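Listed below are the residues making up each chain.
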Amino acid sequence: MTWEQRRDWLQEGAELYLVSTAAMETLKSEELGSPLEPITSPASSLPGGPAGDPLPEPPPEDPKENSPTEKLEQADPPFSGTGLGNFAAVLGQRNFLLLWMGQVFSQLADKVLLVLLIGVTSKRFQPEGASISGWVAAVMLAFTLPAVLLGSLAGVFVDRWPKKAVLVLSNVVRGILVLLLPLLLWLTAGRDLWPGIPLGFGGLLLISFAVSVLTQFFAPAEQATLPLILTRRELLAANSLYTTTMMASLVVGFAIGEPLLTLAERWVRAWLPGWEVGPELLVGGAYLLAGSLLLLLQPHEKLDSRSWEAPHLWEDLKLGLQYIGQMPLVRAALLQMVVLYSLFAALAVLAVRMAEVMAELEADQFGVLLAAAGLGMGIGAFWVGHIGRGVSRRAWSGLGSLLLSLALVALSWTERKLFPSLAWIALLGCGGALVAVPMQTLLQEETPEHLRGKVFGLLNNAVNIALSLPLVLTGVAETYLGLSWTFLALAVLNASAGMYFWSLLNREA
């Protein structure tokens, strides 16, 4: 007898049993005058089928009739209402606190490492009187190339490997690579890889590339771990903290990275005269500390028997792409994140030109303008977490897109004035956070556990590929149109994309 026949037979038996039982109870009630208790469901009246077999599990619900989003809206109350209790609740959980602290040290190490590599390049390899731009461009290429080539592939492996192992090893190995940098420079001193290119610089590029490769594994594993240690209603506050921390590390890392490295060098020289390893000890130690904290993590992850098999890369990538194609909410969130980061890439190009035309700044001080965007994004992320889930995701998305467009229009009027521009750029960052945090949360909520690595890997890959287009087109547009018209064009493009995504989220929700 097949399972379907057995299930139908059991259901028919249950109905016959209920009919006969109800008839006998009715006769008894008429004879004895006792009230009849209503029979509500087969499960309450029939504990088991014939021969003591338990009833089969009910068939799964149709996902089209009751989607995860609808279940969440119906059964999941707003998380902690509003206020700072949202953040206190997630920080009070040991697993999240460990993951968040690991992110803090890892993010700071990432930002300060770039400052360290540029400093080493300037001190050891830049010829006297020559421009450093070409050397820095090579370092930046070594950092960005793995993100373009390996973002999606890393997500495939993350879905098959234990997330904790990926988090710990990616930080520990990055720390070891940074600590090996002084030894590599000492061993290659005075040797050339190519005429005019020192061998040590080639080793520095190799370490930069390897660290970036490991980062591609760390990023999707980190995002895929959050839903394992938190409930769905806690994810919004957690992502708000993560975005705030990321923006704070961006500002702090680039702002005080050089003073921190100088202080570390002086401190190590005081204890170990003649040893110039202070900056490497600082950055490598931060990676190792992050790995040590994540070693205490207990995500309680359940891996299937295929986890340790060699992945079928193309089939697994197709699986992730098919899921994104079949889920409009996931697709809308992913595309909106790509548009958002492309917009910030364009801002990074335009900030250099803005600093050049402002009387108060020099061209190489464009970081002041980008720091304002980071500050605004941190404030916006904190605001989203403070309000909690009292505002729908599509409302956050619509408001964020509106603020982005308003800030871009205002910048077209004040691009030569420092303080008004700082205010509008901060508003731009705030609007970006209002889009990024809810969309990141939506991706975590709507993606099954066995696909999260693939989806976030594809997101990282798409973002890094999309960043290259505005880096090229924005400079060309500014050359021919000027700052004002370029900002207006970006405002129109963002408004159009924002209205499309808002209508899509509204229709699907």
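Reading guide: rules and limits
Residues numbered from 1 in each chain as written. Predicted model: local features only at pLDDT ≥ 70, side-chain atom pairs only at ≥ 80, totals over all residues. Heavy atoms only, no water. Helix = DSSP H or I, 4+ residues; strand = E, 2+ residues; numbered from the N terminus. Buried < 20%, exposed > 50% of the residue type's maximum accessible area, 1.4 Å probe, protein only. Polar contact = N/O pair within 3.5 Å; in protein donor to acceptor, adjacent residues only side chain to side chain. Contact = heavy atoms within 4.5 Å. Core = buried A, V, L, I, M, F, W, Y, C linked by side-chain atoms within 4.5 Å. pLDDT = per-residue confidence, 0-100. Axes fitted to C-alpha atoms, helices over the stretch in contact; angles between N-to-C directions. Parallel < 35°, antiparallel > 145°, perpendicular 65-115°, else oblique. Left-handed = near helix turned anticlockwise from the far one by under 90°. Nonpolar A, V, L, I, M, F, W, Y, C, P; charged D, E, K, R; others polar. Salt bridge = Lys/Arg side-chain N within 4 Å of Asp/Glu carboxyl O. 1 Å grid on protein atoms, 1.4 Å probe; cavity = no way out; pocket = protein on both sides within 12 Å on 5 of 7 lines; lining within 4 Å. Points joined across faces, edges and corners; volume = space filled by probe spheres on them. Expected span 1.5 Å × (residues − 1). Patch = residues over 30% accessible without salt bridge, like charges linked within 9 Å, V, L, I, M, F, W, Y side chains within 5 Å. Areas by Shrake-Rupley, 256 points an atom, 1.4 Å probe, with all protein chains shown as cover.

**A look at the side chain of Ser397**
Link 1 in the chain: Looking at the element boundaries, Ser397 is found in helix 15 (residues 393–414).
Link 2 in the chain: Owing to a relative accessible area of 1%, Ser397 belongs among the buried residues under this scheme.
Link 3 in the chain: One polar contact links Ser397 to Gln336, side chain to side chain, over a distance of 2.7 Å.
Link 4 in the chain: In this structure Ser397 touches Gln336, Leu434, Val435, Met439 and Leu505, once residues within four positions along its chain are discounted.

**Comments concerning the nonpolar core**
Link 1 in the chain: Within the largest apolar cluster, 63 residues are counted, with the highest numbers of intra-cluster contacts made by Met354, Leu369 and Ile425.
Link 2 in the chain: Secondary-structure elements contributing two or more residues to this core are helix 12 (313–326), helix 13 (328–357), helix 14 (367–387), helix 15, helix 16 (418–446), helix 17 (452–481) and helix 18 (483–508).
Link 3 in the chain: If you tally residues by element for this core, the top one is helix 13, at 17 residues.
Link 4 in the chain: With residues near it in sequence (within four places) discarded, Met354 still touches Leu369, Leu411, Glu415, Ser421, Ile425, Leu483 and Phe487.

**A word on the confidence of the model for the protein chain**
Link 1 in the chain: On average, the protein chain scores 77 in pLDDT, and the residues at 70 or more come to 77%.
Link 2 in the chain: In this model, residues 1–81 is a region of pLDDT below 50 whose contacts with residues beyond four sequence positions or in other chains number 59 contacts.

**Structural notes on the packing of helix 5 (residues 94–124) against helix 7 (residues 163–179)**
Link 1 in the chain: Axis separation between helix 5 and helix 7 bottoms out at 12 Å; the angle between their running directions is 30°. Between helix 5 and helix 7, the angle falls in the class roughly parallel. Viewed along their axes, helix 5 and helix 7 form a crossing whose handedness is left-handed. For the pair formed by helix 5 and helix 7, the contact residues are Leu99, Ser106, Asp110, Leu113 and Leu116 on the first element and Leu167, Asn171, Arg174 and Val178 on the second.
Link 2 in the chain: Residue composition of the contact of helix 5 with helix 7, by class: five nonpolar, two polar and two charged.

**Considering the pattern of salt bridges**
Link 1 in the chain: Considering all chains together, one arrives at seven salt bridges under this definition.
Link 2 in the chain: Residues Glu265 and Arg269 are paired through a salt bridge, measuring 3.1 Å at the closest nitrogen-oxygen approach. Separated by four residues within a single helix, Glu265 and Arg269 lie in helix 10 (residues 235–271), roughly one turn from each other.
Link 3 in the chain: Given a relative accessible area of 19%, Glu265 falls into the buried group.
Link 4 in the chain: Across the pair Arg353 and Glu356 runs a salt bridge whose closest N-O atoms are separated by 3.2 Å. Within this pair, Arg353 and its partner Glu356 are both found in helix 13, separated by three residues, close to a single helical turn.
Link 5 in the chain: On the basis of relative accessibility, which here comes to 30%, the residue Arg353 falls in the partly exposed class.

**A word on the layout of surface pockets**
Link 1 in the chain: What the second largest pocket holds in volume is close to 650 Å³.
Link 2 in the chain: Every residue lining the second largest pocket is counted, 23 residues in all, and those nearest its centre are Leu116, Val120, Lys123, Pro279 and Glu280.
Link 3 in the chain: Residue assignment for the lining of the second largest pocket shows that the elements contributing at least two residues are helix 5, helix 8 (181–187), helix 10 and helix 11 (278–295).

**Remarks on helix 7**
Link 1 in the chain: Given a rise of 1.5 Å per residue, 17 residues ought to cover 24 Å, and the 25 Å separating the end C-alpha atoms of helix 7 matches this to within 8%.
Link 2 in the chain: Listed in full, the buried residues belonging to helix 7 are Lys163, Val166, Leu167, Val168, Ser170, Asn171, Arg174, Gly175, Leu177 and Val178.

**Some words on a nonpolar patch on the surface**
Link 1 in the chain: Together, Leu141, Leu145, Val148, Leu149, Phe209 and Ile465 give the surface a local cluster of nonpolar side chains, amounting to about 490 Å² of exposed area.
Link 2 in the chain: With four residues, helix 6 (residues 133–160) is the single largest residue contributor to the nonpolar patch.
Link 3 in the chain: Relative to the elements of secondary structure, Ile465 occurs in helix 17.

**Considerations on empty space enclosed by the protein**
Link 1 in the chain: As enumerated under the stated definition, the model contains one cavity of 30 Å³ or more in all.
Link 2 in the chain: Approximately 60 Å³ is the volume attributed to the largest cavity.
Link 3 in the chain: Gln336, Val339, Leu340, Ser401, Leu404, Val435, Asn494, Ala497, Gly498 and Phe501 are the residues that line the largest cavity.
Link 4 in the chain: For the lining of the largest cavity, the element with the most residues is helix 18, which contributes four residues.
Link 5 in the chain: Grouping the amino acids of the lining of the largest cavity by side-chain chemistry returns six nonpolar, four polar and no charged.

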